[in-house]
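Chain and residue survey
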Amino acid sequence: SPLCAPSFWTFPGTGTSHPPLCPPGIKCGGVLSAPSGNFSSPNFPGPYPYETECTWLIVVAEGSSILLSFSHFELEYHTTCAYDYLQVYNGASRDQGNLLGTFCGHSPPPPFSSAWHVMAVIFRSDRHVAKHGFAAAYRKDACGGMLTGLSGEITSPHYPESYPNDVECRWRIGGTGSGGPLTLVFADFQVEGGQGCGFDYVALFDGATAASPRLGHYCGSTRPPRTISSTPYLLVLFKSDFNIGGRGFKAHFYSVGECQEVFTTIKGNFSSPRYPNFYPNNLKCQWTIQLPLGYRIKVFFLDMELEGRSSLTGSCDYDNLAAFDGGAENGSLLGRWCGRENPAPITSRSNQLLLVLHTDRNTAKRGFSIAYVGVVPMNVSCTRTDFHIQIPMQSLAQLERNRIYLGTPSCAAQVVGRSFKIHTRFDTCGTESQKRNNTSVIVSTLYIDFSAGDQEDIHQYEVQCEPKRKEASVTLIAGPNPSRLSQAENLVDAQQREGGAMDTREIKSQDTSDIVFISICILAGLLMVIAVVGLVLL
């Protein structure tokens, strides 16, 4: 760490007095391991020296937390704090995912409560304009504080051991910059009960202070319901009286909009918080896709860079993205990814899909970008000569029938009862005969046009029939706007990834269909019969 003396110095030839430029003297920064303590900028309360960088690492007992507060703060001001600044990190490294904030000017940083037992504070000054600096204090196992992450966890003091008596803790959650509401979910709750919750209790407020509207007042052993604020701030107040305690509580919070969203539209896009910049650490984010009954959901991974696999286990033990079939983490796991993977598209088995991002305490990366599209429910069947396609009108209630067509717009759907129906012969509507895996199939493309205004949005499904077996299938081959997908996400890739149903190397067009071939065989047979009869008569 730089060494700085309290005396001033004069630049030669100017007669101007300046703060010291780190001559031998007072140490700057260091490791603070006492349960509580104070530290300040070099030379405080005098002006700090130029071109100085100091790092204080606060380390308390593992399992404890740290409350950091500032009693004085005066640094050179800049709109982006590009000159002199102070940074607070929720951890030991300068990982951008751990950064709680960068500060300068005259407004002191708010009190910070760490998510674990290590916190770092970095002070840096440039070669111009010195101010009086700052004074800070910390203490371990303090309850309450300001939590500014996109997600995090709060617990009662000493949890899961019994909390102390005569305690009052206030956690002010918010100020992430996202401006969105917050969600608070209790994972465990056991607080002394009593009529009216007048002894020990947890109170929630829809804002930054206890003067904000109250969202709830809880005690006993029943977990409080999920709570969503209407403002960017949420205050959690915990109070215990002079006797009878309990295990306390553990709760998670999420910033709605960046870290927890529910999508109900037929298609959409979303990304990790701050993408394409580094995501924060200590996250648990959830994105839920809920579509009408009958729909399935296909997810395209446009970009992904997370912390890599563990060198010990080879698994995604650190930061990872997981997909679950259904709306909860107890659903069937569709995949778990980390590192710089390029996952193939996945398709849900139901009308709901949950994506969960976990990040740990360090090593943040760029994150991910995802597009999804709802797979329209439809019934496709075939005979030896015809395609039959039926789609419930309620699934495409906003569309007119001419927006749904097979092969060409002239083969549009008809409205029959409460369904869109297409019934067409193989020799119309752009169908063609192909050879796939040594099997003759009839193939066409079903188009569903969701375009609005100048935004073209046409979803394409390949419909396929094996006439000999009268077996039909349908596959989504183009969903989100192709320009939003990577160039590798082309038609052949999409077909291969849907389940390996086709081998494109064996796809060959045939000059005639099976129907024409059968017709020729019948005609040849008739001619042979006529020829034999003619010979007999002669």
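Now for a look at the structure at hand. From a predicted model like this one, the values you see are computed outputs, not experimental measurements.

What counts and how
- Residues numbered from 1 in each chain as written.
- Predicted model: local features only at pLDDT ≥ 70, side-chain atom pairs only at ≥ 80, totals over all residues.
- Heavy atoms only, no water.
- Helix = DSSP H or I, 4+ residues; strand = E, 2+ residues; numbered from the N terminus.
- Buried < 20%, exposed > 50% of the residue type's maximum accessible area, 1.4 Å probe, protein only.
- Contact = heavy atoms within 4.5 Å.
- Areas by Shrake-Rupley, 256 points an atom, 1.4 Å probe, with all protein chains shown as cover.
- Salt bridge = Lys/Arg side-chain N within 4 Å of Asp/Glu carboxyl O.
- Phe/Tyr/Trp six-rings, centres within 6.5 Å; stacked < 30°, edge-to-face > 60°.
- Polar contact = N/O pair within 3.5 Å; in protein donor to acceptor, adjacent residues only side chain to side chain.
- Pairing = 2+ DSSP bridges.
- Axes fitted to C-alpha atoms, helices over the stretch in contact; angles between N-to-C directions.

1. A closer look at the overall build of the protein
A count of helical and extended segments in the protein gives 2 helices and 41 strands. Expressed as a percentage of its 538 residues, the buried residues of the protein come to 47%. Sequence separation of at least 24 residues holds for 73% of the intrachain contacts in the protein that already meet a minimum separation of 6. Of the roughly 26100 Å² of accessible surface on the protein, 52% is carried by carbon and sulfur atoms.

2. So, the pattern of salt bridges
On inspection of all chains with the given rule, the structure shows 13 salt bridges. Put simply, Glu51 and Arg127 hold a salt bridge, and the shortest N to O gap is 3.2 Å. Of this pair, Glu51 sits in the loop between β6 (36-40) and β7 (53-59) while Arg127 sits in the loop between β12 (118-124) and β13 (133-140); the two residues are 76 residues apart in sequence, bridging distant segments of the chain. Of the residues examined, Glu51 reaches a relative accessible area of 42% and is grouped as partly exposed. On the accessibility criterion, Arg127 (55% relative accessible area) is exposed. Ionic contacts of the salt-bridge type, sharing partners, join the residues Asp303, Glu305 and Arg366 into one network.

3. Focus on the environment of Tyr275
Of note, Tyr275 is situated in the loop between β24 (267-271) and β25 (284-290). Note on Tyr275: relative accessible area 26%, which makes it partly exposed. Sequence separation between Tyr275 and Arg366 is 91 residues, and the spatial gap between their C-alpha atoms is 6.1 Å. The contact partners of Tyr275, leaving out residues within four places of it in the chain, are Asp303, Arg366, Gly367, Phe368 and Ser369.

4. Some words on the packing of aromatic side chains
In the structure shown here, the tally under the stated rule is 21 aromatic pairs. Taken together, a centroid distance of 5.4 Å and an interplanar angle of 85° make the contact between Trp287 and Phe368 edge-to-face. Of this pair, Trp287 sits in strand β25 while Phe368 sits in strand β31 (residues 367-375), placing them 81 residues apart in sequence. Comparing Trp287 with Phe368 shows no difference in burial state: the two are buried. Within the aromatic cluster, the residues linked to one another by ring pairs are Phe39, Tyr48, Trp56, Phe70, Phe73, Phe123 and Phe134.

5. A look at the side chain of Asp188
Note on placement: Asp188 falls in strand β17 (residues 182-190). A relative accessible area of 15% places Asp188 in the buried class. There is a polar contact of 2.7 Å between the side chain of Asp188 and the side chain of Arg247. Each residue touching Asp188, except ones within four places of it in the same chain, is listed here: Tyr159, Arg223, Arg247, Gly248, Phe249 and Lys250.

6. Overview of the sheet that holds β17
The strand order across the open sheet built from 4 strands is β15-β22-β17-β20, with neighbouring strands paired in antiparallel fashion. A single partner strand is all that each edge strand has here, and the edge strands are β15 (151-155) and β20 (227-228).

7. Describing the sheet that holds strand β27 (residues 320-325)
One open sheet accounts for 5 strands, arranged β23-β25-β30-β27-β28; its pairing is mixed. In the strand order of this sheet, the two ends are held by β23 (260-263) and β28 (332-337), each with one partner. Between one strand axis and the next, the sheet turns by 15° as a mean value, whatever way the strands run. Judged from the 7 bridges that link them, β25 and strand β30 (residues 352-358) form a sheet pairing that is antiparallel. Each bridged residue has a counterpart across the sheet, and for Trp287 the counterpart in β30 is Leu355.

8. Describing the pairing of strand β9 (residues 85-89)
Taking burial as the measure, the 5 residues of β9 include 5 buried ones, the bulk of the element. On β9, burial covers both faces: Tyr85, Gln87 and Tyr89 on one face and Leu86 and Val88 on the other are all buried. Bridge analysis of β9 against β12 gives 5 bridges, and the strand direction is antiparallel. In the sheet register, Val88 faces β12, and the bridge partner there is Val121. Pairing between β9 and strand β10 (residues 99-103): 4 bridges, direction antiparallel. Across the sheet, Leu86 pairs through a bridge with Phe103, a residue of β10.

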